[in-house]
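# Survey of secondary and tertiary structure
Now for the letters of each chain:
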Amino acid sequence: MAKRSVVIAIGIERSGKLPRLPGATRGAKDFAAWAMENAYEVALFTDEGGKEVTFDAIRSKVEEFVDALDVGRLILFFAGHGCASAAETMWLLSKYDRRSDEVVGVEASERHARRCGIDQVSFISDACRNSVPGQPFFTPRSLFQRQQRIATPAQWDHFEAADIDGAAQEVAKPATETEPAEHYGVFTSCLMEALKGNVSAAFARPRGEGPCVTSASLATFLEKAVAYETDLLAGARPQRVDANSGWREPNDVYVSFPKGHIILSTSPLDRKERGFEIHHFRLDAPSERGSLESWTPPRPKSRKSVASDRIRRLRERSNGRLRRRRAKFAAAEGRASFETHVGVTVIGSSIARVATRPEYWRFSDGGADQIAVRTEVPATLLLETAEGDFVAVLVVPGFVATLVVEKGAAASLSYAPSVNGGFARACDLYRETITPAVHRLTAEMEAKRTPDANAVIALLDALRAAGVVDPGAGVLTAHALEQAGRIAEIRELAQFFAATPDEYGRGPIGTPFDVAYLADSEAAAVGAFPLLTKGWAYLEPDDSRVSRIVLEARRGLKPSLWTTFDAAAGAMLAAEIDEGRLA
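Residues numbered from 1 in each chain as written. Predicted model: local features only at pLDDT ≥ 70, side-chain atom pairs only at ≥ 80, totals over all residues. Heavy atoms only, no water.

### A word on the overall build of the protein chain
Broken down by element type, the protein chain carries 13 helices and 24 strands. In terms of overall dimensions, the protein chain is globule-like: its C-alpha atoms have a radius of gyration of 25 Å, near the 25 Å expected for 583 residues. Summarising its shape, the C-alpha atoms of the protein chain cover approximately 80 × 50 × 50 Å along the three principal directions. In the protein chain, buried positions account for 56% of the 583 residues. Long-range pairs, those at least 24 residues apart, make up 68% of the contacts in the protein chain with a sequence separation of at least 6. Summed over all atoms, the accessible surface of the protein chain reaches about 25,100 Å², with 49% contributed by carbon and sulfur. (Helix = DSSP H or I, 4+ residues; strand = E, 2+ residues; numbered from the N terminus. Rg over C-alpha atoms; globule rule 2.2 N^0.38 Å. Buried < 20%, exposed > 50% of the residue type's maximum accessible area, 1.4 Å probe, protein only. Contact = heavy atoms within 4.5 Å. Areas by Shrake-Rupley, 256 points an atom, 1.4 Å probe, with all protein chains shown as cover.)

### Let's talk about the sheet that holds strand S21 (residues 390-395)
A sheet is described by the order of its strands in space; here 4 strands give the open sequence S17-S20-S21-S24, paired in antiparallel fashion. In this open sheet, the two edge strands, each paired with only one partner strand, are strand S17 (351-355) and strand S24 (564-565). In terms of strand pairing, S21 meets S24 through 2 bridges, oriented antiparallel. By the bridge assignment for S24, Phe-390 is matched with Phe-565. Contacting S17, strand S20 (379-385), S21 and S24, helix H13 (residues 567-578) crosses the sheet at an angle of about 40° to S17. (Pairing = 2+ DSSP bridges. Axes fitted to C-alpha atoms, helices over the stretch in contact; angles between N-to-C directions.)

### Topic: the pairing of strand S2 (residues 41-46)
Where strand S1 (residues 4-11) meets S2, 6 bridges bridge the pair, whose relative direction is parallel. Bridge assignment links Ile-8 to a residue of S2, and that residue is Ala-43. With helix H1 (residues 22-37) bridging S1 and its parallel neighbour S2, the resulting β-α-β unit is right-handed. (Right-handed = clockwise from strand over helix to strand, strands pointing away.)

### Focus on the packing of helix H4 (residues 186-195) against helix H5 (residues 215-231)
Contact geometry of H4 with H5 gives a least axis separation of 9 Å together with a crossing angle of 135°. In terms of their interaxial angle, H4 and H5 are classed as oblique. Considering how the two elements wind past one another, H4 and H5 form a crossing that is right-handed. Touching Val-186, Phe-187, Cys-190, Leu-191, Ala-194 and Leu-195 of H4 are Leu-218, Phe-221, Leu-222, Ala-225, Val-226, Glu-229 and Thr-230, all from H5. Here the contact of H4 with H5 is composed, by residue class, of 11 nonpolar, 1 polar and 1 charged. (Parallel < 35°, antiparallel > 145°, perpendicular 65-115°, else oblique. Left-handed = near helix turned anticlockwise from the far one by under 90°. Nonpolar A, V, L, I, M, F, W, Y, C, P; charged D, E, K, R; others polar.)

### Some words on the nonpolar core
In this structure, Leu-381, Leu-382, Leu-383, Val-393, Leu-403, Trp-562 and Phe-565 are the most contacted members of the largest nonpolar core, which totals 84 residues. In terms of residue count, helix H8 (residues 453-466) provides more of this core than any other element does, 7 residues in total. In this structure Leu-403 touches Val-344, Thr-345, Val-346, Ile-347, Leu-383, Val-391, Val-393, Ala-410, Ser-412 and Leu-413, once residues within four positions along its chain are discounted. By size, the runner-up hydrophobic cluster in this structure holds 43 residues, among which are Tyr-40, Ile-124, Leu-195 and Val-255. (Core = buried A, V, L, I, M, F, W, Y, C linked by side-chain atoms within 4.5 Å.)

### Points about the layout of surface pockets
A probe matching the size of a water molecule, rolled over the atoms, marks out where space remains unfilled. Size it by volume and the second largest pocket reaches roughly 750 Å³. Forming the boundary of the second largest pocket are 33 residues, of which Gln-155, Trp-156, Gly-246, Trp-247 and Arg-248 lie nearest the centre. Only S1, strand S3 (71-79), strand S8 (155-160), H5, H8 and helix H10 (487-499) provide two or more residues apiece to the lining of the second largest pocket. (1 Å grid on protein atoms, 1.4 Å probe; cavity = no way out; pocket = protein on both sides within 12 Å on 5 of 7 lines; lining within 4 Å. Points joined across faces, edges and corners; volume = space filled by probe spheres on them.)

### Focus: H10
When the terminal C-alpha atoms of H10 are compared, their 19 Å separation across 13 residues agrees well with the 18 Å that a helix rising 1.5 Å per residue should span. Among the residues of H10, those classed as buried are Ile-487, Glu-489, Ile-490, Leu-493, Ala-494, Phe-496 and Phe-497. On the buried face of H10, the contacting elements are H8, helix H9 (471-483) and helix H11 (513-518). (Expected span 1.5 Å × (residues − 1).)

### With respect to the pairing of S1
Most of S1 is tucked away, with 6 of its 8 residues classed as buried. Relative to S3, S1 runs parallel, the two being bridged by 8 bridges. For Ile-8, the partnering residue across the bridge sits in S3 and is Leu-76.

### Regarding the packing of aromatic side chains
One pair of aromatic rings is described through two measures. These are the centre distance and the angle between the planes. Inspection of the entire model under this criterion finds 17 aromatic pairs. Considering the side-chain rings of Phe-31 and Trp-34, the 5.4 Å spacing of their centres and the 45° angle between planes classify their relative orientation as tilted. Of this pair, Phe-31 and Trp-34 both sit in helix H1, 3 residues apart, which is roughly one turn of the helix. Accessibility classification places Phe-31 together with Trp-34 in one group, the buried group. Arranged with centres 6.2 Å apart and planes meeting at 40°, the rings of Trp-91 and Phe-123 form a pair that is tilted. (Phe/Tyr/Trp six-rings, centres within 6.5 Å; stacked < 30°, edge-to-face > 60°.)

### Side note on the packing of H8 against H9
Where H8 contacts H9, the two axes come as close as 10 Å, and the packing angle between them is 145°. Where H8 crosses over H9, the two elements pack in a sense that is left-handed. Contact residues: Val-456, Ile-457, Leu-459, Leu-460 and Leu-463 in H8; Ala-473, Thr-477, Ala-480 and Leu-481 in H9. Tallied by class, the residues present in the contact of H8 with H9 amount to 8 nonpolar, 1 polar and no charged.

### Overview of the environment of Pro-358
Locating Pro-358 in the fold gives a position in the loop between S17 and strand S18 (359-365). For Pro-358, a relative accessible area of 17% gives the class buried. With 60 residues separating them in the primary sequence, Pro-358 and Ser-418 have C-alpha atoms 19 Å apart. Once residues within four sequence positions are removed from consideration, Pro-358 is found in contact with Val-373, Arg-374, Thr-375 and Ala-379.

### So, H9
Compared with an ideal rise of 1.5 Å per residue, which puts 13 residues at 18 Å, H9 spans 18 Å between its outermost C-alpha atoms and is within 8% of the ideal. The residue sitting at the N-terminus of H9 and contributing the capping side-chain oxygen is Asp-470; that oxygen lies 2.9 Å from the backbone nitrogen of Gly-472. A positive backbone phi angle near 75° is found at Gly-485, which sits one or two residues after H9. (Polar contact = N/O pair within 3.5 Å; in protein donor to acceptor, adjacent residues only side chain to side chain.)

### Details of the side chain of Thr-435
Residue placement: Thr-435 occurs in helix H7 (residues 427-446). When its relative accessible area of 18% is taken as the criterion, Thr-435 is described as buried. The residues contacting Thr-435, other than those within four sequence positions of it, are Tyr-415 and Tyr-430.

### Looking at the pattern of salt bridges
Enumeration according to the criterion identifies 37 salt bridges in this entry. Here Asp-578 and Arg-353 are joined by a salt bridge, their closest N and O atoms 3.4 Å apart. With a gap of 225 residues between them, Asp-578 in helix H13 and Arg-353 in strand S17 connect regions that are remote in the sequence. Accessibility expressed as a relative area gives 28% for Asp-578, which makes it partly exposed. Several salt bridges share partner residues, and in doing so they unite Arg-111, Arg-114, Arg-115, Glu-482, Arg-491 and Asp-520 into one network. (Salt bridge = Lys/Arg side-chain N within 4 Å of Asp/Glu carboxyl O.)

Structure follows, in structure tokens:
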């Protein structure tokens, strides 16, 4: 029996006392109409007529689809107000300002959606990802329940209208004598143009008689089109789409069109350097697949050429920054060993205080603070920087860590086997392969880029070849695999940690909290909270693996790749670590 394809479309014009977004309800209704025309079952939630859109109503519909066990594809579309903290992205529902839990936690929802048993899931959001008043006190919730049954991980698509700290822009078209005023989100407008087949730049290579829009072709189109269209707006900055295309052939098609589908596009992405070409499938094409014919109208306006050049320069600048960050992390070399075989080199700041249970001592060497630790088991260090913030580091016997601090926050955390320790046999492979891959992955994740899944698997293979795995590479790899929807590989990574003996051969090396949590493992983990900031988005209040004090500390997270707390949250956790209540 064929499985159902379903859509949940949400459009909220009024969220609390934030500015109205008239284009949000229109966007949700347009998406729902498109879905119904393409044989999707649709559940539409809008606040038209003063209705309230509630978390429980949406979650109830999600549970209905998941529990039916006959849904093969689920698309969630949201248009409205959103925000983002250091750890997570949130959708703000109608009464979020009166009930702090009327907030959707996007990352947690995506994580559980990948495990819900539905074959394909897509999250499409036209919402801002900057900050709003009262944000630290929100209690975001997942629209999907944590699944107890083991399911094949879903193929996962993700299209966010804006990057972290970015705004999703809505345009108002003034009223005329014959037409009323019109509002629309730029992202949703580009999305609907692609899904309705009005722009050839969104098409993949033809697979049948007519063109089609696939997961990958839609991602590529939106990344270019939204940046271009927003750059044309007066006073606006190009809007960068956050896209992840995870649906795989042959089931990666969002919509296909018959032979003879006519495209009369004036999209800038259909234009070539000299003039532009508009393509369409001929109605009277003699071949089975049809043929393309072109029409070349006048050159585009200079303003649009300038916009294209500016976007290209911004892209080149972003790539250049990525290369510079990789080079900076590679140049930040810590000590090759400590007398104790375990310790931390801190580059970029001095350390005012160390909270940990094992014996340690501090000294300066090579212009950097050094912390040598005497321990036979993994331990958490909470380091107070000169700026007053607190950075978390997990130390493991046999490994030395290098921590790069910028403005009080942890920018990079990398590990290498101590040359005088039990893992020294892996030093060459770390230096030549693993450490450069970790620096590349760090720079990509810091820039909010989706890591290449093949490169991440290659890093995992290198760790296996080394026969040992450090917490930094393990945590980065686990989060990159989670982002790619590679759940099976996360579980393999957790098993690798569990099977790797420690430096002394007395037991397993210890599985970092992030890896154990993402692998859905009930086995004991080392560390009491995530090392990577984005891992905090997945923590749930009813999870026995997470203490109440850790959940409270989430409010004090600073914007950084690696977990960094402000002074209040850091001091609170430091006291818990010093007293032995947190490992």
